[in-house]
Amino acid sequence: MVMRDYLIKRAVSALVTLGLAIVLNFFLFRIMPGDPTRTVTGDFRITPEVRRALVHQFGLDQPLWVQFVLYLQNLATGNLGVSFQYRGTPVVAIIFGRRLLNTFVLMGSSISVALIIGIIIGTIVAWKRESKFDVSVVVFSLMTYSMPVFWLGMMIILIFGYYLAAIPIAGTITVGLTYSNWFQYAADYLYHMIGPFVTLTLSFVGFYLIIMRDSILDVFTEDYMLTAKAKGLSDRKILFRHAMRNALLPMVSLIAVEVTYLFGGATMTETVFSWYGIGRLIYEAVVMADYPILQGIFFVMSILVIAANFCADVAYAFLDPRIRY
Amino acid sequence: MTVQEFHALEVKEDRFWLYRRKLGDFWRLYRRSRLGVIGLIIVLSFVIVAVAAPWIAPFEPFYFAGDPLMKPSSTFPFGTDQVGRDIFSRVIYGTRVSLLIGLIASAMTIGLGSAIGLVSGYLGGWVDNGLMRITDLFIILPALPLMLIMASILGKGIMNIIIVITVVGWTSTARMVRSQTMSLKERPFIEASRAIGSTDLHTIARHIVPNVFPLVFANGMIAIVDAILSEAGLSFLGFGDPSSPSWGMVLHYADAAGSTVNGYWWYIVPPGICIMLLVMGFAFISYSTDQILNPRLRRR
């Protein structure tokens, strides 16, 4: 019962946030100085016929509120406008395809690995608090946190790409190569993913580690830890059965927050490594002033992060009964 | 001098000594933290470099001092860039831009966030509700892509970078100030202040702001870190002002010269190390201040 109320409350809140995101997305691209129609159609790369059709479709000759209603209607039918740089290709076709998949593969793998490493090392480090290992791990985490992600990527290209020639310098696959089978393609893809994957993982693992360490240290002050010790449980059991489990709770909500940051990291990493994904698309669209693409990505990204946060809320409620009451 | 005037003067003086003493206490605790002192030394060194740039740098940042892309030598400690400018001098002058944008942008972030947090927490009701919805939205949206989109709409330039960082980054301060304000609002001394007929503005300025300030200050150090990193990223992607290059901008040119694939390590390593050190400096300061000012951490 209570759980249901909680879920409804979270769902309503997520929908309100989504509504605000849509409103922001509409007005953000209409506050530009000069001609307001410029951002939607006014580009030399669009032919006059297409432009006329678009002006009609988005009601650009109408008052702002009519435009907003039309914008919502188009959004509901999955029409996000057409791209400038790809000469009128629908935005939906550009975003939902290879690029989104590539970004998901890169983001998903690096966030999972960073999380696992962060949780394990963070737990161990908290246990061996103030040892040499602890101090060096904390300093390392601080260093990776303080590095700009793009610079870390550049250093990895310089060291492993240029000096050691161990990883490819750019791209998602080798251009012009034909593959005899699926396996060969996957190998080439993974080979190209090493650089951006290591960059993203390194840039996130430090943060997870510190949070996990802090979280475990917090748990250590709880009374049930003393109970566990008094019961005569082994250190290993106390650490992994009792401390780690409870310390994982804050990490759940952190993952959702991190999805937000991951988009930023992915934008930088994909740009530096020329990874054919959404992050690189953002950069290209910004450079080419391709506003419909930016607006489309902004919308898709909003949905993704809001969904991720909602999922985290739900997961948190299942894991921690205190939230529900 | 009337009695009232004399009394007012006395109160003022008391206040002065109170703040002095508090500051003294803070400094005594701060000095004990090794990380905090290291951070302070790093940041102060960069401030000195920034102020003394014309005397330290061997060349003007825009002076074509040698051949393009020369390796490091005694004349050019970090070599030269693609048009023959001394990279060492450019990094030194870059300190000014990076530091200044970081400080201004974070100050504005803190200012906007505090204002929204104070209004939201003090007034409550539908104002609070509305403002917190907007805060939720900005917390949830990916910062860098949003900054890029806004920057592409506003155009290049330092002022626009500062605006973009401010508009995207105020949320965490706002939330913190709001919750602090809400808990202060319920305390007896605020009620007392209201009971003697103080205006809302007076109550906020005299009683709430001074009590919120320490946490805002600790939070401000992290805001500086975020601002410096955001500026570096935006400049690296080409939104900086070419007439006043920051470290991110130097890296932008390094990328344009193909430094990674040609092995010009001297072009990439120094600006990146500078960003990292400055950020670490502020992170250390933030960590130590937090340990002192945040009562929850003190007992552990």
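Residues numbered from 1 in each chain as written. Chains lettered and ligands numbered in written order. Predicted model: local features only at pLDDT ≥ 70, side-chain atom pairs only at ≥ 80, totals over all residues.

Turning our attention to the overall build of chain A. Within chain A, the regular secondary structure consists of 13 helices and zero strands. Listing the helices and strands of chain A from first to last along the sequence gives α-α-α-α-α-α-α-α-α-α-α-α-α. Counting only C-alpha atoms, chain A reaches 80 × 60 × 40 Å along its principal axes. The buried share of chain A, taken over its 325 residues, is 35%. (Helix = DSSP H or I, 4+ residues; strand = E, 2+ residues; numbered from the N terminus. Buried ≥ 20, exposed ≤ 12 C-beta atoms within 10 Å, placed from the backbone.)

So, on to the interface of chain A and chain B. Facing 40 residues of chain A, the contacting portion of chain B comprises 32 residues. Among the elements of the structure, helix H1 (2-28), helix H6 (132-146), helix H7 (149-163), helix H10 (235-273), helix H11 (278-287) and helix H12 (291-319) of chain A are those that each provide at least two residues to the side of chain A that touches chain B. (Contact = placed C-beta atoms within 7 Å.)

Attention now moves to the confidence of the model for chain B. Across chain B, the average pLDDT comes to 86, with 93% of residues at or above 70. The complex prediction reports pTM at 0.88, with the ipTM value standing at 0.87. (pLDDT = per-residue confidence, 0-100.)

Residue and element names in this part refer to chain A. With their axes 7 Å apart at the nearest point, H10 and H11 run at an angle of 80 degrees to one another. When the axis of H10 is compared with that of H11, the two are roughly perpendicular. Of H11, the residues touching H10 (which contributes Ala266, Thr267, Thr269, Glu270 and Thr271) are Gly279, Arg280, Ile282 and Tyr283. Partitioned by chemical class, the residues of the contact of H10 with H11 number three nonpolar, four polar and two charged. (Axes fitted to C-alpha atoms, helices over the stretch in contact; angles between N-to-C directions. Parallel < 35°, antiparallel > 145°, perpendicular 65-115°, else oblique. Nonpolar A, V, L, I, M, F, W, Y, C, P; charged D, E, K, R; others polar.)

Core analysis: the largest hydrophobic core is formed by 136 residues, its most contacted members being Leu294 of chain A together with Met147, Ile161, Ile228, Ile275, Val279 and Phe282 of chain B. If one sorts the elements of this core by residue count, helix H10 (residues 200-236) of chain B sits on top with 15 residues. (Core = buried A, V, L, I, M, F, W, Y, C linked by C-beta atoms within 7 Å.)

We now examine helix H8 (residues 171-185) of chain B. One turn of the α-helix equals 3.6 residues, which is why residues spaced by three or four share an orientation. Over its 15 residues, H8 of chain B runs 21 Å from end to end, which matches the ideal 21 Å to within 8%, given 1.5 Å per residue. Among all positions in H8 of chain B, only Thr171, Thr173, Ala174, Val177, Arg178, Gln180 and Thr181 of chain B are buried. (Expected span 1.5 Å × (residues − 1).)

Looking now at the packing of helix H5 (residues 98-127) of chain A against helix H8 (residues 182-220) of chain A. All names here are of chain A. It is at 6 Å that the axes of H5 and H8 come closest, and there the two elements cross at 35 degrees. The handedness of the crossing between H5 and H8 is right-handed. Partitioned by chemical class, the residues of the contact of H5 with H8 number 21 nonpolar, six polar and one charged. (Left-handed = near helix turned anticlockwise from the far one by under 90°.)

It is worth spelling out the environment of glutamine 73 of chain A at this point. Residues and elements named next belong to chain A. You can see glutamine 73 is positioned in helix H3 (residues 64-76). Among the residues examined, glutamine 73 registers 13 C-beta atoms within 10 Å and is labelled partly exposed. Along the primary structure glutamine 73 and phenylalanine 58 are separated by 15 residues, whereas in three dimensions their C-alpha atoms are 9.3 Å apart.

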